[in-house]
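The lines below spell out each chain.
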Amino acid sequence: MAEFFVALRLSLLVALLTSGILLLLATPLAWLLAFRTFPGKSLLEAVFLLPLVLPPTVLGFYLLLFLGPEGPWTRLVGASWAFRLEGLLFASVLFSLPFALTAYREAFLSLDRDLLEVARTLGVPRRKAYARVVFPLVWPGLLSGTLLAFAHTLGEFGVVLMVGGSIPGKTQMVSIYLYDLVQALRFAEAAKASSFLLLLSLLILVSVRLLEGRWRAWRSTTG
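Below is a short write-up of the structure. Worth saying up front: this structure is predicted, and the values here are computed from it rather than measured. (Residues numbered from 1 in each chain as written. Predicted model: local features only at pLDDT ≥ 70, side-chain atom pairs only at ≥ 80, totals over all residues. Heavy atoms only, no water.)

**Re the overall build of the protein chain**
When its secondary structure is counted, the protein chain shows 10 helices and 0 strands. When the helices and strands of the protein chain are placed in sequence order, the string is α-α-α-α-α-α-α-α-α-α. Across the 223 residues of the protein chain, 40% fall into the buried class. Carbon and sulfur atoms make up 70% of the accessible area of the protein chain, which totals about 12,500 Å². (Helix = DSSP H or I, 4+ residues; strand = E, 2+ residues; numbered from the N terminus. Buried < 20%, exposed > 50% of the residue type's maximum accessible area, 1.4 Å probe, protein only. Areas by Shrake-Rupley, 256 points an atom, 1.4 Å probe, with all protein chains shown as cover.)

Dropping the structure here:
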């Protein structure tokens, strides 16, 4: 099981970094898409949501060309990110972006914007209004989107296989490790690893539901 925990550690690291990056990048983007109108908005949304319908191997293939030794990204930064942690992270952010972005946007759309107008009329600075009015109301949606991105990254297969391959200890994510076990007919080990991941995923989801329940209880007592 040592190989499994090495692959799991890498997957958890990539999932954690991916969800953190998406929280920073996708939150202002979701606000923009929720409340701003500009030329090309529909096209921009379609581009961001494309990984939802695009086969993962297709996205992985284009990313491999983009990040590979002869790709434009390599010429830009001077190093290939294919079959490296950086490539896994780059691919994971793009692939999980629509899942986080959709949840973040829905959280902002559920916000009563009149509350912000009231805060402004009372002379509350914009940053304080966001911190005291917006964030307490939308954080469950942000949390759900971030967790969804985390769980989605943890279960990635096609994209990370194309971009990172299956190099043990370097790019072998846990989903690829399980695939390799099945390919080698090591079903008993695959069953143990799958059971562990099932329990881990269940624990994550239950924890988020508990946090959301506490938040609603707090809102009911303070509202």
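Once the structure has been displayed, the description carries forward.
**Topic: the environment of S110**
Among the structural elements, S110 can be located in the loop between α5 (85-109) and α6 (114-121). Sequence spacing of S110 and G141 is 31 residues, and the spatial spacing of their C-alpha atoms is 9.5 Å.

**A short note on α5**
Quick reminder: α-helices carry 3.6 residues per turn. Residues three or four places apart thus point the same way. Between its first and last C-alpha atoms α5 spans 35 Å; for 25 residues at 1.5 Å apiece the expected length is 36 Å, and the two agree. Along α5, the helix axis deviates most sharply at L97, where the bend reaches about 45 degrees; the proline P98 sits within four residues downstream. (Expected span 1.5 Å × (residues − 1). Bend = angle between axes of the 7 residues up to and from the residue.)

**Thoughts on the packing of aromatic side chains**
Aromatic ring pairs are described here by two measures, namely the spacing of the ring centres and the angle between the planes. As enumerated under the stated definition, the model contains 13 aromatic pairs in all. Centroid distance F4 to F196: 5.6 Å. Interplanar angle 85 degrees. Geometry classified as edge-to-face. In this pair, F4 is assigned in helix α1 (residues 2-35) and F196 in helix α10 (residues 187-222), connecting sequence segments 192 residues apart. Overall, the relative accessible area of 0% leaves F4 in the buried class. Judged by centre distance (5.7 Å) and plane angle (85 degrees), the ring pair of F5 and F196 falls under edge-to-face. Of this pair, F5 sits in helix α1 while F196 sits in helix α10, and the two are 191 residues apart along the sequence. With a relative accessible area of 42%, F5 lands in the partly exposed category. These aromatic residues form a ring-pair network of at least three members: F4, F5, Y177 and F196. (Phe/Tyr/Trp six-rings, centres within 6.5 Å; stacked < 30°, edge-to-face > 60°.)

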